[in-house]
Protein chains: 2
Amino acid sequence: MTERTMTLAAVEQISIRALVAAGTREENAAAVARSTMLAERDGIRSHGLLYVPIYAEHVRCGKVDGMAHPVVSQPRAGAVVVDAATGFAHPAIDAGWDRFVTAARENGVAAMTVFNSYNCGVLGHHAERIAEAGLLGLCTTHAPASIAPPGGRRPVIGTNPFALGVPGADGSAVLVLDQSASVVAKSEILLRSRGGLPIEPGWAIDADGAPTLDAAAALKGSMLPAGGHKGFGVGLLVEILASCLSGAALSKDASPFSGTAGGPPRTGQCFIAFDPSAFSGVFPQQVASLVDAIAAQEGTRLPGARRQAARLRTEREGVRVDPALMERIEALCA
Amino acid sequence: MTERTMTLAAVEQISIRALVAAGTREENAAAVARSTMLAERDGIRSHGLLYVPIYAEHVRCGKVDGMAHPVVSQPRAGAVVVDAATGFAHPAIDAGWDRFVTAARENGVAAMTVFNSYNCGVLGHHAERIAEAGLLGLCTTHAPASIAPPGGRRPVIGTNPFALGVPGADGSAVLVLDQSASVVAKSEILLRSRGGLPIEPGWAIDADGAPTLDAAAALKGSMLPAGGHKGFGVGLLVEILASCLSGAALSKDASPFSGTAGGPPRTGQCFIAFDPSAFSGVFPQQVASLVDAIAAQEGTRLPGARRQAARLRTEREGVRVDPALMERIEALCA
C-alpha cells in the first residue's frame, strides 16, 4: 500500500477526534494532539500518530484520566507545582505554563514540577517552547525503570531524558538538545523484539546481569546507560529532579507506559527556566560563537539538526502517513 | 623517603601561608585553603596539596589576582551574580553564598553565576555544601577547551563537570554526584604523558581526529566524551550554564588552567539550588527509597562512595603527604 500525505493541521484534528472519542476533554485532547503534530512535523514517528491509539487505549483503561483537571499552585515566587491528577502531562504543563514563564522573568529563574503525571511526548519540544519565550530551558522527565545501576541487575531509573532549549536573538530556539540516559531508545529494542531481530552489543544486559544480544531477554533485563556510570549519573540527576523533587512516583515504583496494566504511572516532570538577561548581557553573542565553533567543523552536526531537516521537509511536503495506521485511528474516531 | 602524616588543620594552615606568601589576601587564601583541605580529606590528591604550588605560581604570574575583591549583585530575586574580578573562584563563591542560599529558600529556586573566575577545585564540595544547607544543589563549572564535537577535531568545550548534592533529613548530604564530560580526567592523560606511558583506547583522538594511544598526541588533539555524542551533550549543557549564562569566556577562548601563559582564564560557574520543601512534602522519603534501591544491589556502588571511604580513613589516620611536595610548599612559605 502506498503512503498517504496529510497536512499538519489534519494530523492535529484527527488526533483530537480520536482522543475525545476515547473519553478525553476537548482541552486536554487539544494539548496532546498538538504534541502529536509537532512530533510528526519533526519526523519523530514514535511520538507521533503511532502513539494516538496508545493514548486512546490508556484513556479507556484508566491509565490516564482524560477528563482530569490539573491543579496549579505556586508555593514560592519561583516554584510552580502542578498536580496532573493522573491525566495527560500536556494539559498539566499548559496549565502551569504562564505562571512558570512569568516567574522565570520576574525572579531570573523558576522551576515547574508536575506530579501524578504521564509521559510528556518529545521532551525537546517543551525546552524549545521555553526558548521561544526568550528563556533558557532545562527540562527533565522520568519513566518506568529500565536501567540498572552499574554493577547491578535490577532497573532503578528510566531512560530519563533531559532537554535543553537555548533562545536565539529572534524569538526562536538556536539550539535544542534532547537526549535520554540509555545507549538506545527503548522503542528500538521493542521493535527488534517484535521483529525477532538481535540487538547490538553494549545496548543491554539480561535479568542475570549478563550482556545479551537477545531483544526479548534485554526487555526482561536492563538497558545500559550511555557512557557507563556517567550515563547512569545523568539519569540519576533527572530522577532526582523529575521524580524526587516533583513528588512523583519513583521510576522503580511507576506502572509501565505500555500496556494497560497497573493503573496511572504517576510519573513527573521538572522544567527549569532562566532569563539570560538577569545574569549577563552577552548571552546571545556567546551562544552564537559556541554554535559557530561546532557547526564550522567538517563532519560535525549540531544537536537537533536531524529534527530541523525533517521539519523543513514536512513543511514543504506534508506528513507521510501509513494508511493502515490511519485506518485504525479513523476507526477510533467513529 | 617515607610519607609524612598531617592533620587536616595543618593542611589548611600551610596552604594559607603559601598562598599569602605568594601575594594573596588572607580572606581569599583561607577560602582556597579550605578547598585544599577538603580535597585531601576526601582523597582527591589532584586538587589537594599538589595544587598549592600551582595556585602560588598563578598568583605570582598574574593568572589569578590574589588581592581581588569579588563583586556581588542580585539583579532579580532568584539571580545572584558574582564578578570574581580575575581572582580565585572560592572567595567569589563565598561572597555570593549567603544571598544565594537565602534566595533559594525564599523563591524555591535560585541560581548563582560567577564570571571572570578560575577553576573552583572539587565541584562536588560546592554541591555538598548546598545540600548541607538543606537544599538540592546542581553545580556546573567549565574549563579551557579539550573536547571536540563528535565528528570534529578542534576542542570546543572543556571537561565541564556537573555535580549534584542531595540533602538528607539530618543536615548532611545523602548523595553527592560529581562527574566530568570526558571518559577520563585530563590529569590522567598528563600523568601518562610525563611518564611516557600509552593511554587506553577510547580516551582521546589526535589533532587529525584519528584515535590515538599516544598521550602526547592526545594532549595536542582532543579528549573523547563519555558516551559519545550524549557525553558531548552533557558537556554542552554545562558550557551553556557555566559559560554562556554566567557571561564567562567560552571554553574555546579561555587561557589554560596549567602553565603561566595567557593571563586570567576568565572562566565561570553556575550553581542552582532548590528548596525541596517548596515543591513536595515527600522528598526525603523518596531520596531514601531511591538510594536504598541502588545500595541494596550487590556489585553496585553509590556515587561518591569512594570519597566517603577516603574521608573516614583520613579522619581516623590523618593526611598522608609526600615529603618532597611538603618541602616545596614550605619553601613557598618562606
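Residues numbered from 1 in each chain as written. Chains lettered and ligands numbered in written order. Predicted model: local features only at pLDDT ≥ 70, side-chain atom pairs only at ≥ 80, totals over all residues. Heavy atoms only, no water.

A. Local environment of the interface of chain B and chain A. With 77 residues of chain B at the interface, the matching set in chain A holds 77 residues. When chain B packs against chain A, close to 5700 Å² is buried across both sides, 69% of that on carbon and sulfur atoms. Counting the surface chain B buries against chain A, the share from its top three residues, R76, K230 and F279 of chain B, is 13%. Counting every contact that joins chain B to chain A gives two salt bridges. Note that D275 of chain B is salt-bridged to R76 of chain A, the shortest N-O span being 3.0 Å. The leading source of residues in the side of chain B that touches chain A is helix α8 (residues 229-245) of chain B, at 13 residues. When grouped by side-chain class, the residues that make up the side of chain B that touches chain A number 44 nonpolar, 22 polar and eleven charged. (Contact = heavy atoms within 4.5 Å. Buried area = accessible area lost by both parts, 1.4 Å probe. Salt bridge = Lys/Arg side-chain N within 4 Å of Asp/Glu carboxyl O. Helix = DSSP H or I, 4+ residues; strand = E, 2+ residues; numbered from the N terminus. Nonpolar A, V, L, I, M, F, W, Y, C, P; charged D, E, K, R; others polar.)

B. Spotlight on the domain arrangement of chain A. All names here are of chain A. Annotation of chain A at the domain level lists domain 1 (1-61 + 304-334) and domain 2 (71-182 + 225-298). Each of domain 1 and domain 2 has a C-alpha centre, and the two are 23 Å apart. Across the boundary between the two partners, domain 1 contributes 21 residues, which contact 17 residues of domain 2. In this assembly, domain 1 packs against domain 2 so that about 1500 Å² is buried in total across both faces, 58% of it on carbon and sulfur atoms. (Domains from an automatic or database assignment.)

C. Broad picture of the packing of aromatic side chains. All names here are of chain A. Taken as a whole, this structure holds twelve aromatic pairs over all chains when the rule is applied. Ring centres 6.3 Å apart and planes at 55° place the aromatic pair Y55 and Y118 in the tilted group. Taken as a pair, Y55 in helix α3 (residues 52-61) and Y118 in the loop between β4 (109-117) and α5 (123-132) lie far apart in primary sequence, 63 residues in all. For the pair formed by Y55 and Y118, the shared burial category is buried. By the ring-pair criterion, three or more aromatic residues cluster together here, those being Y51, Y55, F88, Y118 and F257. In this structure, R129 packs its charged tip against the face of W97, placed 3.9 Å from the ring centre. (Phe/Tyr/Trp six-rings, centres within 6.5 Å; stacked < 30°, edge-to-face > 60°. Buried < 20%, exposed > 50% of the residue type's maximum accessible area, 1.4 Å probe, protein only. Lys NZ or Arg CZ within 6 Å of the ring centre and 35° of its normal.)

D. Examining the pattern of salt bridges more closely. Within the structure shown, the criterion is met by 26 salt bridges over all chains. A salt bridge links D42 of chain A to R311 of chain A, with the shortest nitrogen-to-oxygen separation between them at 2.8 Å. On the criterion of sequence distance, the pair formed by D42 of chain A in the loop between α2 (26-41) and α3 and R311 of chain A in helix α10 (residues 305-317) is long-range, its members being 269 residues apart. By relative accessible area, which is 12% here, R311 of chain A ends up buried. For the salt bridge of R311 of chain B with E128 of chain B, the shortest nitrogen-to-oxygen distance reads 2.9 Å.

E. Highlighting the sheet that holds strand β10 (residues 267-274) of chain A. Residue and element names in this part refer to chain A. Ordered by their spatial adjacency, seven strands build an open sheet running β2-β3-β4-β10-β5-β6-β7, and the pairing between neighbours is mixed. Looking at strand neighbours, the two that pair on one side only are β2 (71-76) and β7 (173-179), the edges of this open sheet. Direction aside, the axes of adjacent strands within the sheet are offset by 15° on average. Examined bridge by bridge, strand β6 (residues 162-167) and β7 share six bridges and lie antiparallel to one another. Bridge pairing links G165 to V176 in β7. (Pairing = 2+ DSSP bridges. Axes fitted to C-alpha atoms, helices over the stretch in contact; angles between N-to-C directions.)

F. Region of interest: the state of the cysteines. All names here are of chain B. On inspection of all chains with the given rule, the structure shows zero disulfides over all chains. Distance from the sulfur of C61, which forms no disulfide, to the nearest cysteine sulfur (C333) is 18 Å. The thiol sulfur of C139 is not disulfide-bonded, and the nearest other cysteine sulfur, from C120, lies at 7.9 Å. Judged by relative accessible area, C139 falls into the buried class, the value being 0%. (Disulfide = S-S within 2.5 Å.)

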